[in-house]
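Here are the chains, one letter per residue:
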Amino acid sequence: MMTADTHSGPARSAFAWGVRVLGAVITVDLGMGLLLAVLPATLTRAQVGGGWLVVSLVAALALWRWLVASDRQCREAELAVREKSKQLHERNDALEGATAEAQRFGAAAEAATRAKAEFLANMSHEIRTPMNAVIGMTDLLLDTPLDNEQREFAETIRNSGDTLLVLINDVLDFSKLESGQLQLEREPVELAACIESAFDLAAGQAAQKNLELLYVIEPGVPPAVLGDVTRLRQVLVNLVSNAVKFTDAGEVLVTVSSRPPAADTGGSALRLHVSVRDRGIGIPPDRMDRLFKPFSQVDASTTRRYGGTGLGLVICRRVIELMGGRIWVESKSGDGADFQFELPLVPVPGYDAPRPLPNPVLSGRHLLIVDDNATNRRLLGLQTAGWGFVPHPAASAREALAWIDRGDPFDAALIDVQMPELDGLATARRLCAELPVNRRPWMIAVTANALEGDREACLAAGMDDYISKPVRADVLQAALLRAGDQRAAQCRRSGLPSAENDGSRHARPEANQPVPTP
């Protein structure tokens, strides 16, 4: 553009000169006509001619000076335009050079990042291989006869190896994400099984704190979706483990639901929404920006107290984004945290996940649920009602004992072992001491304690069966089916009438109605 303006400068200058000369001639002619019109008649032609000559000379001189000044101004303007054009070209050349230099630096930085990520991936893999051997051999060592001190040493090695392996896996996954080497699978994922397997990995840590691990899959969610089960489980394990880590009492609740399409997708796809809610220390609003960043936690004291690399949430965010979703957190300091993520929901057509179905043997039977955790009572009630049971939730052992003392009959009882005031073991001992075998429910201990000797302690207290938390649906149904079979066989061996035929069933409340609180 500047070059075209420069070449057209002389043409514009000549045109301007012509316009100026024409204007000057017209001005002079008009001036002479006006002069002749006003001159007195007594003036001679010589006088008029002399005057005209003088006027013409003065006008010509003025016109000449004006034309020279105008030409000088035009030349100066043209020189200024040329100078500006030259400067503009020089700046354009400098900008192109800087852009090329920046591109070279960017390519070098990208190559360096890729080389670093590949190096971390290789090193993590090389370290993980001997770590697996250390952990495996320690497991074998723990299975051999050891005295207390030797077992303590071996368990320390095992726990330290587990911790180190988690850190190595985080670094390996992060390096794969950084280098773009992480590939996703696309296969049917059973949501219930995926959540339960994630709970299995966090159950030990939750049991040490007496925390409840609970999950709800709301109606309308398909039993299986297309996705990468390994990576989805990894995200759940990270979020659940974090929730357990930062929670000292209460529960960790995972809720799965389906949501309508987002507005930015054009209304073409449903979304799978997952929430992991804890009752822990929470996150202050002014420190939210530190989450989902590499090697970052809420503050330095968090790292010292709880440990970790600060990579877990970063890996979750990148994996979720790689799956086409998003992740965020809602929290208040001291009021727990709710980590949520959404993914495109693609149901598996015609896929039927193996779910426990209503069983005729269980239909209409009355189940006592004794648990001080309201969420757990609700979930167990909904689950067992779907199998045909009539659930009766009790918030404490004393409430349940009051129902039994007044003669309310129950076929089975799910009794939480860890309860305030009167725990599950004391409840079982009291029922065994006060009621004959055919008058008390089949008692199933439900406990987060899954260590050596816990099962034996429950059975010694009078419990008839034992299941550990987090409770799996298939394990729970199997225990309830055993309850009916074992109770009938036990009554036959004792020569006592079973509760089915002792005439007490007429006192039962209507189906699906809880026993009223005394």
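Residues numbered from 1 in each chain as written. Predicted model: local features only at pLDDT ≥ 70, side-chain atom pairs only at ≥ 80, totals over all residues. Heavy atoms only, no water.

## Side note on the overall build of the protein
Item 1. In terms of helices and strands, the protein carries 13 helices and 12 strands.
Item 2. Taken over 518 residues, the protein has a buried fraction of 39%.
Item 3. Once local pairs closer than 6 in sequence are excluded, the contacts in the protein between residues at least 24 apart make up 72%.
Item 4. Approximately 28,800 Å² of the protein is accessible, and the part contributed by carbon and sulfur atoms is 58%. (Helix = DSSP H or I, 4+ residues; strand = E, 2+ residues; numbered from the N terminus. Buried < 20%, exposed > 50% of the residue type's maximum accessible area, 1.4 Å probe, protein only. Contact = heavy atoms within 4.5 Å. Areas by Shrake-Rupley, 256 points an atom, 1.4 Å probe, with all protein chains shown as cover.)

## Comments concerning the sheet that holds strand β9 (residues 390-394)
Two strands in a sheet stick together by hydrogen bonds in their backbones, pointing the same way (parallel) or opposite ways (antiparallel).
Item 1. Taken in spatial order, the 5 strands make up an open sheet running β9-β8-β10-β11-β12, and their pairing is parallel. Taken across any chain shown, the strands that pair with only one partner, and hence form the sheet edges, are β9 and β12 (465-468). For this sheet the average axis-to-axis angle between neighbouring strands, irrespective of direction, equals 20°.
Item 2. Pairing analysis gives 5 bridges linking strand β8 (residues 366-370) to β9, with the strands arranged parallel. Across the sheet, the residue bridging to Leu367 is Pro391, located in β9. (Pairing = 2+ DSSP bridges. Axes fitted to C-alpha atoms, helices over the stretch in contact; angles between N-to-C directions.)

## Overview of the sheet that holds strand β6 (residues 326-331)
Item 1. Strand order in the open sheet formed by 5 strands is β2-β4-β5-β7-β6, with mixed pairing between adjacent strands. On the outer flanks of this sheet lie β2 (212-217) and β6, each paired with one strand and no other. The mean angle between the axes of side-by-side strands here comes to 15°, regardless of whether they run parallel or antiparallel.
Item 2. For β2 and strand β4 (residues 251-259), the ladder comprises 6 bridges, and the chain directions are parallel. Counted as the bridge partner of Tyr215 is Val254 from β4.
Item 3. Strands in contact with helix α5 (residues 191-209) are β2, β4 and β5 (270-278); relative to β2, the strand with the most contacts, it is inclined by about 170°.

## With respect to the environment of Val276
Item 1. With respect to the helices, strands and loops of the structure, Val276 is situated in strand β5.
Item 2. Each C-alpha atom, one on Val276 and one on Val252, is 7.0 Å from the other, the two residues being 24 residues apart in sequence.
Item 3. Every residue in contact with Val276, bar those within four places of it in the chain, is listed here: Leu239, Val240, Ala243, Val252, Leu253, Val254, Ala337, Asp338 and Phe339.

## Let's talk about the packing of aromatic side chains
Item 1. Per the stated rule, a full pass over the model turns up 2 aromatic pairs.
Item 2. With a centroid separation of 6.0 Å and 65° between ring planes, the pair formed by Phe199 and Tyr215 is classed as edge-to-face. Here Tyr215 lies in strand β2 and Phe199 lies in helix α5, a separation of 16 residues in the sequence.
Item 3. Accessibility expressed as a relative area gives 2% for Phe199, which makes it buried.
Item 4. Positioned above the aromatic ring of Trp328, the side-chain terminus of Arg326 is 4.0 Å from the ring centre. (Phe/Tyr/Trp six-rings, centres within 6.5 Å; stacked < 30°, edge-to-face > 60°. Lys NZ or Arg CZ within 6 Å of the ring centre and 35° of its normal.)

## Focus on the pattern of salt bridges
Item 1. Scanning the model with the defined rule gives 20 salt bridges in all.
Item 2. Two residues, Lys469 and Glu212, come together in a salt bridge whose shortest N-O distance is 2.5 Å. Here Lys469 is found in the loop between β12 and α13 (473-494), whereas its partner Glu212 is found in strand β2, with 257 residues between them in sequence. The exposure classification of Lys469 matches that of Glu212, with both residues buried.
Item 3. Ionic pairing is found between Glu342 and Arg326, a salt bridge with its closest N-O pair at 3.8 Å. Within this pair, whereas Glu342 is found in strand β7 (residues 337-345), its partner Arg326 is found in strand β6, the two being separated by 16 residues in sequence.
Item 4. Classification of Glu342 by relative accessible area gives buried; the value is 4%.
Item 5. Residues participating in the shared-partner salt-bridge network are Glu196, Asp200, Arg472 and Asp474. (Salt bridge = Lys/Arg side-chain N within 4 Å of Asp/Glu carboxyl O.)

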